[in-house]
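# Descriptive structure summary
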Amino acid sequence: MTNSHEPRPEPAQGPSPTTDQHVGVAAPSARDIASDVVARVLARAGTARADGGTQHSAHDGDQLDLAERSALRRVANLSTELEDVTEVEYRQLRLEKVVLVGLWARDAADAEVSLRELAALAETAGSQVLDGLLQRRQTPDPGTYLGSGKAAELAAVVAGTAADTVIVDGDLAPSQRRALEDIIKVKVVDRTALILDIFAQHAKSREGKAQVELAQLEYLLPRLRGWGESMSRQAGGQVGGAGAGMGSRGPGETKIELDRRRIRNRMAKLRREIAAMAPSRETKRSSRKRNAIPSVAIAGYTNAGKSSLLNALTGAGVLVENALFATLDPTVRRTKTPDGRVYTLADTVGFVRSLPHQLVEAFRSTLEEVADSDLLLHVVDASHPDPEGQIAAVRHVLEGIPGALDVPEVIVLNKADLADPDTIARLRSRERTTLVVSAHTGEGITELLDFISAALPHPGVTVDLIVPYSRGDLVNRVHLEGEIDHLEHVGEGTLLRGRVDDELAAELAAVAVRS
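This structure is a prediction, so every number in the text was calculated from the model and none was measured.

## Here's the deal with the overall build of the protein
- Of the regular secondary structure elements, the protein holds 17 helices and 15 strands.
- Within the span of the protein, comprising 515 residues, buried residues form 49% of the whole.
- Here the analysis covers contacts within the protein between residues at least 6 apart in sequence; of these, 68% occur between residues at least 24 apart.
- Looking at the protein as shown, the accessible area adds up to about 24,600 Å², and 51% of this sits on carbon and sulfur atoms.

And the structure:
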């Protein structure tokens, strides 16, 4: 990338906090830093899509869901005028060509991590990143986010790269987006809209689709744009006559008002549908509580390897892809501890910096699985450039879920095969309880299973009795839900010594053989 301006002289004490930095300019100090940042971002160094593919382990299964998703692939340079019918048969879509825009307020390292993540989000959504623009300023411009001069420079970059979309690494006010689109003449989306688009692509379950649609409508409602007189949809009064009669002086309900009313009606319907789905989840949850089945929740930053860890622990075979927000719908699997006790393992939706509050609200019912669990596995990508930032972002979201921070937490440092040992040592010194694993190679999985077994609540009632052979179902429940120290088959029935919960202890006592 090149700058249309000559480099301005820098003051001796360093660049001013309000100095603009165009992404590709090679010059001393801050300009060199900005150039290096964008060069690394455009090279995809360290982003979620760096290797262009996904490595699977033996625990991941056939990955049929991933094959189905890959069928809807996007290709570069695909014309909208299709000449080959196979382009339709294979459902190929043209890649959007985008330019990234970010602000550099304090630390260049933070700006690089955020811009890398934006590039990975854009690629996950099906875009091709062509260029970038980085501006150094403390606060966004209230009019155009970038300021009029930098917005004009962005327009030149967009025209030079033939991009059709600009993605801003931040939240745009409706007025800022409109003003920026008026200057650069292409579509402008912000970080929130990009994340919502990815969620809309990847949601599969009925509840997940309803939650995403609700979040999209909440985002869209204040951003509807009117087009003047063409928005009028009613004349009012005696419109059938030759002249204008009484009541015809007002335009009536405009289209933007009609659209707002329709969106509100649709949002109300979606909320009712989501509320109607809650009893099913509550029934399953209460069934697990009634049977005293312990639960473990997996939470963490997107692409930290939560699904891979679930597959390694349970062999669930859920979709694993090297992309942000690859899986959205929660997965609950029943499994056993090494000593044979049954528990459930729930994989939740991934988090991200500045996760749109619309999504947090829409997925609140799903995230409540964390608050109802007995143990939280907080999965962290130990190979990420900023793992501490990931931990802080996840905990920030969990703060908004009542009871989530009260659940015992263990930090699971995943991707140990790729991580820097110094980074792992630093994280282990900062966090109270940590385990180092690699879901891909299997390193540390045995230790994690042993930790889960020790951390889950143990049955509190000791039993020493004989269960008649006719109640083998109760013996089976003791195997699944309790702990057995001694089991022996005697003439009257099965001799059991161990520990169970209160409810099962009462049932055993009621049928026990009296000596």
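## Overview of empty space enclosed by the protein
- By the definition in use, this model includes one cavity of 30 Å³ or more.
- Of the voids in this model, the largest cavity is the one considered here, and its volume is about 30 Å³.
- In terms of lining, the largest cavity is formed by Phe199, Val349, Leu355, Leu359, Val360, Phe363 and Leu367.

## Quick look at the nonpolar core
- Ranked by internal contacts, the top residues of the largest apolar core, which has 52 residues, are Leu100, Phe325 and Phe351.
- Ranked by the residues each element gives to this core, the list is headed by helix α4 (residues 108-125), at nine residues.
- Discounting chain neighbours no more than four positions away, the residues touching Phe351 are Ala299, Gly300, Tyr301, Thr302, Phe325, Leu367, Val394, Val397 and Leu398.
- Core analysis: the next-biggest nonpolar cluster, separate from the first, contains 20 residues, Tyr343, Val412, Leu435 and Val437 among them.

## A word on the packing of aromatic side chains
- Enumeration over the complete set of coordinates arrives at zero aromatic pairs.
- Sitting over the ring of Trp104, Arg136 keeps its end group 4.8 Å from the ring centre.

## Re the pattern of salt bridges
- The tally for this structure, following the rule as stated, stands at 20 salt bridges.
- We note a salt bridge from Glu388 to Arg426, for which the minimum N-O separation is 2.6 Å. Within this pair, whereas Glu388 is found in helix α13 (residues 387-398), its partner Arg426 is found in helix α14 (residues 421-430), the two being separated by 38 residues in sequence.
- Taking the relative accessible area as the measure of exposure, Glu388 reaches 21% and is therefore partly exposed.
- For Arg426, a relative accessible area of 30% gives the class partly exposed.
- Salt bridges sharing common partners tie together Glu117, Asp169, Arg191, Arg353 and Asp386.

## So, the confidence of the model for the protein
- On average, residues of the protein score 77 in pLDDT, and 73% of them reach the 70 mark or higher.
- Long-range and interchain partners of residues 1-28, a stretch whose pLDDT sits below 50, account for 59 contacts in this model, where long-range means more than four residues apart.

## Quick notes on the side chain of Ser373
- Here Ser373 lies in the loop between α12 (364-371) and β10 (375-381).
- Here Ser373 falls in the buried class, since its relative accessible area comes to 9%.
- Polar contacts involving the side chain of Ser373 include one to the main-chain carbonyl oxygen of Val370, which spans 2.6 Å.
- Filtering out sequence-adjacent residues up to four positions away, Ser373 remains in contact with Ser295, Val296, Ala297 and Val407.

## Considerations on the pairing of strand β9 (residues 342-347)
- The element β9 is largely enclosed, with a buried count of six among its six residues.
- Burial of β9 is two-sided: the residues Val342, Thr344 and Ala346 facing one way and the residues Tyr343, Leu345 and Asp347 facing the other way are all buried.
- Pairing analysis gives four bridges linking strand β7 (residues 295-300) to β9, with the strands arranged parallel. Within the sheet, the bridge partner assigned to Ala297 lies in β9 and is Ala346.
- Of the strand pairs in this sheet, strand β8 (residues 331-336) and β9 are connected by six bridges, and their pairing is antiparallel.

## Quick look at the packing of helix α5 (residues 148-161) against helix α6 (residues 174-184)
- Interaxial distance between α5 and α6 falls to 9 Å at its minimum, and their mutual angle equals 50°. By the angle between their directions, the pair α5 and α6 is classed as oblique. α6 is crossed by α5, and the crossing has right-handed handedness. Together, Ala151, Ala152, Leu154 and Ala155 of α5 and Leu180, Ile183 and Ile184 of α6 make up the contact between the two elements.
- Here the residues of the contact of α5 with α6 sort into seven nonpolar, no polar and no charged.

## Observations regarding the sheet that holds strand β11 (residues 409-414)
- What the six strands build is an open sheet, ordered β8-β9-β7-β10-β11-β12; its pairing is mixed. Of all strands in the sheet, those bounded by a partner on one side alone are β8 and β12 (434-436). Between one strand axis and the next, the sheet turns by 25° as a mean value, whatever way the strands run.
- As paired elements, β7 and β10 share five bridges and run parallel to each other. Bridge assignment links Val296 to a residue of β10, and that residue is Leu375.
- Where helix α10 (residues 306-314) meets the sheet, its contacts fall on β7, β8, β9, β10 and β11, and the angle it forms with β9 comes to roughly 160°.
- Contacting β7, β10 and β11, α13 runs over the sheet at an angle of about 145° to β10.

Rules used in this analysis
Residues numbered from 1 in each chain as written. Predicted model: local features only at pLDDT ≥ 70, side-chain atom pairs only at ≥ 80, totals over all residues. Heavy atoms only, no water. Helix = DSSP H or I, 4+ residues; strand = E, 2+ residues; numbered from the N terminus. Buried < 20%, exposed > 50% of the residue type's maximum accessible area, 1.4 Å probe, protein only. Contact = heavy atoms within 4.5 Å. Areas by Shrake-Rupley, 256 points an atom, 1.4 Å probe, with all protein chains shown as cover. 1 Å grid on protein atoms, 1.4 Å probe; cavity = no way out; pocket = protein on both sides within 12 Å on 5 of 7 lines; lining within 4 Å. Points joined across faces, edges and corners; volume = space filled by probe spheres on them. Core = buried A, V, L, I, M, F, W, Y, C linked by side-chain atoms within 4.5 Å. Phe/Tyr/Trp six-rings, centres within 6.5 Å; stacked < 30°, edge-to-face > 60°. Lys NZ or Arg CZ within 6 Å of the ring centre and 35° of its normal. Salt bridge = Lys/Arg side-chain N within 4 Å of Asp/Glu carboxyl O. pLDDT = per-residue confidence, 0-100. Polar contact = N/O pair within 3.5 Å; in protein donor to acceptor, adjacent residues only side chain to side chain. Pairing = 2+ DSSP bridges. Axes fitted to C-alpha atoms, helices over the stretch in contact; angles between N-to-C directions. Parallel < 35°, antiparallel > 145°, perpendicular 65-115°, else oblique. Left-handed = near helix turned anticlockwise from the far one by under 90°. Nonpolar A, V, L, I, M, F, W, Y, C, P; charged D, E, K, R; others polar.

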